[in-house]
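# Descriptive structure summary
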Amino acid sequence: MEHIYIAMVDTPGIFAAVIRRFLRQRYIHVVLGMDAGLEEAYSFGRRNPRVPWFAGFEREDKQKILRAFPTAVYQVCELECSAAQKAGIRERLRRDYARRFHYHYAVPGLPFIALGRPFYLKDQYTCSSYIARLLEEYKIRIADKHFSLVTPKDFCQYPYKRVVYEGSLAEFVAGEAAETVAMAAKMQGRTETDGQHMPVLPACAAQVDADMERRLRILYGTGAAERVVAYGG
């Protein structure tokens, strides 16, 4: 059994406040991730977290989001799936990301959502409608409605999920950073077994080194190891 991850997001801002008022709930943005740390995660929203006017399909960058919204709150949920489902979902996400500038946020569809009328606009989605349609193609149905009408509220009410984290984005990122530091300590050095220091084997050290470098680049940018994103709906 494999897992995919849904992150539901609460960010400040006027547009977010409007969506929050309409949905009558805290979380107003949805992200689909391939791992619990959201190192590979995608959504429809702002191409730059600080600029609300340009939106489309993007890969999440937690550091950029944190800088733009220091008080952002996340709820990360785990959904079960098969290995084949996960592989197909990942392949589709990567393929769509390669064509990301062909996709746009479905602003003209917002009145239809408010009226409860299904709609389809070629290559235009909201954060929740894109994920709902993609998951439905792989037999994971979030809500009993047309994908275009699925909102973040439906993801919050989805019964077959398990919450693995809920709290501030700052703490979420800090937790990953702490894990990276722990890996660095192993690489530097030593792991304790029965009170004795044991050297890390060369092959293991190389693996830890590569994994740590990858994490550092994701967390802090390329320069820290020798970062568009989706927000607002």
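This text gives an overview of the structure that appears in the document.

## Focus on the overall build of the protein
Of regular secondary structure, the protein possesses eight helices and ten strands. Taking all 233 residues of the protein together, the buried fraction comes to 48%. Working note: accessible area of the protein is about 12200 Å², and carbon and sulfur atoms make up 55% of it.

## Remarks on the packing of aromatic side chains
Scanning the model with the defined rule gives 15 aromatic pairs in all. With centroids separated by 6.1 Å and ring planes inclined at 85 degrees, the aromatic side chains of Phe-44 and Tyr-103 adopt a geometry described as edge-to-face. Here Phe-44 is found in strand S3 (residues 41–48), whereas its partner Tyr-103 is found in the loop between helix H3 (83–98) and strand S6 (104–105), with 59 residues between them in sequence. Take Phe-44 and Tyr-103: they sit in the same class, and that class is buried.

## Focus: helix H5 (residues 127–137)
Among the eleven residues of H5, eight are classified as buried, and the element is accordingly described as predominantly covered. Within H5, burial applies to Cys-127, Ser-128, Ser-129, Tyr-130, Ile-131, Ala-132, Leu-134 and Leu-135. At the C-terminal side of H5, Lys-139 shows a positive phi close to 70 degrees.

## Focus on the environment of Glu-176
Locating Glu-176 in the fold gives a position in helix H7 (residues 169–188). Distance from Glu-176 to Gly-37, taken between C-alpha atoms, is 7.4 Å for residues 139 residues apart in sequence.

## Here we look at the pattern of salt bridges
Enumeration over the complete set of coordinates arrives at twelve salt bridges. Of the charged contacts in the structure, one is a salt bridge between Arg-95 and Glu-91, with a shortest N-O distance of 3.9 Å. Of this pair, Arg-95 and Glu-91 both sit in helix H3, four residues apart, roughly one helical turn. A residue is classified by how much of its surface remains accessible, and Glu-91, at 51% relative accessible area, is exposed. Salt-bridge contacts for Glu-137 lead to Arg-133; the nearest nitrogen and oxygen are separated by 3.9 Å. Of the two residues, Glu-137 and Arg-133 are both situated in helix H5; the distance of four residues between them amounts to about one turn of the helix. Using a relative accessible area of 40% as the deciding quantity, one classes Glu-137 as partly exposed. The partly exposed category is assigned to Arg-133, whose relative accessible area is 25%. A cluster of three or more residues bridged by salt bridges with shared partners is formed by Arg-92, Asp-96, Arg-133 and Glu-137.

## Describing the pairing of S3
Within S3, seven of the eight residues are buried, which leaves the element mostly enclosed by the surrounding structure. Two strands pair when backbone bridges link them, and strand S2 (residues 29–33) and S3 are joined in this way by two bridges, in the antiparallel orientation. Of the residues in S3, the one forming a bridge with Leu-32 is Tyr-42.

Scoring rules and cut-offs
Residues numbered from 1 in each chain as written. Predicted model: local features only at pLDDT ≥ 70, side-chain atom pairs only at ≥ 80, totals over all residues. Heavy atoms only, no water. Helix = DSSP H or I, 4+ residues; strand = E, 2+ residues; numbered from the N terminus. Buried < 20%, exposed > 50% of the residue type's maximum accessible area, 1.4 Å probe, protein only. Areas by Shrake-Rupley, 256 points an atom, 1.4 Å probe, with all protein chains shown as cover. Phe/Tyr/Trp six-rings, centres within 6.5 Å; stacked < 30°, edge-to-face > 60°. Salt bridge = Lys/Arg side-chain N within 4 Å of Asp/Glu carboxyl O. Pairing = 2+ DSSP bridges.

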